[in-house]
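# An overview of the molecular structure
Take a look at the letters that make up each chain.
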Amino acid sequence: MLIKTSKTYSPIGVFDSGYGGLTILKELVNYLPQYDYLYFGDNARAPYGSRSFETVYEYTLECVKALFNEGCELVILACNTASAKALRTIQQKDLPLIDASKRVLGVIRPTAEIAGNYTTTKEVGVFATPGTVTSKSYIMEMENFFPDVKIYQEACPMWVPLIENNELDGVGADYFVSKYVGQLMAQSDRIDTIILGCTHYPLLKPLIEKHIPEKIQLLTQGAIVANSLKDYLIRHPKMEEGISKNNQRKFITTDSAYIFDKQASLFFGQDVKSTFLSL
Ligand code: DGL
């Protein structure tokens, strides 16, 4: 075990395949600073976006178990791909066997719950990884909350690799943003709201804004997930009571801690000091 757990250390676990979930953690810390957070990036196996259902499920479950071992009672999958491909099975099949009192939440449902409020044309676009797009999770979740809203999805397989490799300012990023924006807009010119359905994409927001028509608003997930968690904790006071509240943030990665610390501030907006965890 990596971090000494005690009865008093029970942070909120925040999981992503790599760095993207830090854009969610940034807002969680901003909105709910009192809690302890333990961030876990599976950087050694990222990206997840083009992997099969089975692989994303297997990797995600392994990481969720590791967060439970570190003392977390509540884990947020701050990764759309993991939320799309692994969340339901973990909630329904694995949690009852591991510990029925623990909880795992995702980022797609909270986003779908409010995204329909932003559109007047009732046409919403989603940029996401191939895995999230194939799962049709956004289409199914939006159907529950806003059956009158039509969803258009565009898979952006090159965006996460560009972001993870620090290529935001290069011609490659400009080309692939322009390409996927063009492909989404070709599906309908009535889209007035676009969900950035991958936690890495907020880093591309300025570039995406450069390529989309001005009338379109982009939705990022950080504040949405933070508000949803706030609401969840009000509705689940027992869970809330159990979370330790020392304003601590800890970071673990399955790859080099040195590299993680160098890259993470770009996503989190602050310097971080991580620890390596071998799965
Ligand atoms: N950040 C993850 C998401 O929200 C995906 C990154 C990856 O492809 O691993 O979907």
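### With respect to the layout of surface pockets
Of the volumes computed, that of the largest pocket is approximately 770 Å³. Lining the largest pocket are 33 residues, and of these L87, G106, R109, P110 and E141 sit closest to its centre. Of all elements in the fold, only α3 (80-85), α4 (87-98), α5 (108-115), α7 (137-145) and α11 (222-235) reach the threshold of two or more residues within the lining of the largest pocket. The element that contributes the greatest number of residues to the lining of the largest pocket is α11, accounting for nine residues. Split into classes, the residues belonging to the lining of the largest pocket amount to 16 nonpolar, 10 polar and seven charged.

### Quick word on the site of the ligand
Taken together, 13 residues surround the ligand, and among them S17, Y48, G49, T81 and H200 come closest. Taking D16, its side chain carries an N or O atom lying 3.1 Å from a nitrogen atom of the ligand. Within the backbone of Y48, one N or O atom sits 2.5 Å away from an oxygen atom of the ligand. Coverage of the ligand by the protein amounts to 99% of the 300 Å² it exposes when considered alone. According to the grid-proximity analysis, the pocket containing the ligand is the largest cavity. Here the shell around the ligand is built from residues that sort into five nonpolar, seven polar and one charged.

### Regarding the environment of K230
Residue placement: K230 occurs in helix α11. Each C-alpha atom, one on K230 and one on D99, is 23 Å from the other, the two residues being 131 residues apart in sequence.

### A word on empty space enclosed by the protein
Rolled over the atoms, a probe with the dimensions of a water molecule shows which regions are left empty. Per the counting criterion, the structure on display carries one cavity of 30 Å³ or more. For the largest cavity, the calculated volume is near 80 Å³. Every residue lining the largest cavity is counted, 14 residues in all, and those nearest its centre are S17, C79, T81, T129 and C198. Here the lining of the largest cavity is composed, by residue class, of five nonpolar, eight polar and one charged.

### Quick word on the pattern of salt bridges
All told, the structure shown has 13 salt bridges when counted by the stated rule. The partner of E73 in a salt bridge is K102, with the nearest N and O atoms 3.1 Å apart. Of this pair, E73 sits in the loop between α2 (53-69) and β3 (74-77) while K102 sits in the loop between α4 and β4 (103-105); the two residues are 29 residues apart in sequence, bridging distant segments of the chain. With relative accessibility at 27%, the residue E73 sits in the partly exposed group. The class for K102 is buried, based on a relative accessible area of 9%. Residues R88 and E141 are paired through a salt bridge, measuring 3.9 Å at the closest nitrogen-oxygen approach. With R88 in helix α4 and E141 in helix α7, this pair connects stretches of sequence that are 53 residues apart. Classification of R88 by relative accessible area gives exposed; the value is 55%. If you follow the salt bridges from partner to partner, you end up with R88, R109, E113 and E141 in one network.

### Description of unusual backbone geometry
Between A46 and the following residue, P47, the backbone shows a cis peptide bond with an omega angle of -5°. Inspection of the secondary structure assignment puts P47 in the loop between β2 (37-41) and α2. With a phi close to 60°, N166 is a non-glycine residue in the positive phi region. You can see N166 is positioned in the loop between α8 (159-164) and α9 (171-187). One non-glycine residue, N247, lies in the positive phi region at around 55°. Secondary-structure assignment places N247 in the loop between α12 (237-242) and β9 (249-253).

Calculation rules
Residues numbered from 1 in each chain as written. Predicted model: local features only at pLDDT ≥ 70, side-chain atom pairs only at ≥ 80, totals over all residues. Heavy atoms only, no water. 1 Å grid on protein atoms, 1.4 Å probe; cavity = no way out; pocket = protein on both sides within 12 Å on 5 of 7 lines; lining within 4 Å. Points joined across faces, edges and corners; volume = space filled by probe spheres on them. Helix = DSSP H or I, 4+ residues; strand = E, 2+ residues; numbered from the N terminus. Nonpolar A, V, L, I, M, F, W, Y, C, P; charged D, E, K, R; others polar. Near = heavy atom within 4 Å. Polar contact = N/O pair within 3.5 Å; in protein donor to acceptor, adjacent residues only side chain to side chain. Areas by Shrake-Rupley, 256 points an atom, 1.4 Å probe, with all protein chains shown as cover. Sits in = over half its atoms within 2 Å of the grid points. Salt bridge = Lys/Arg side-chain N within 4 Å of Asp/Glu carboxyl O. Buried < 20%, exposed > 50% of the residue type's maximum accessible area, 1.4 Å probe, protein only.

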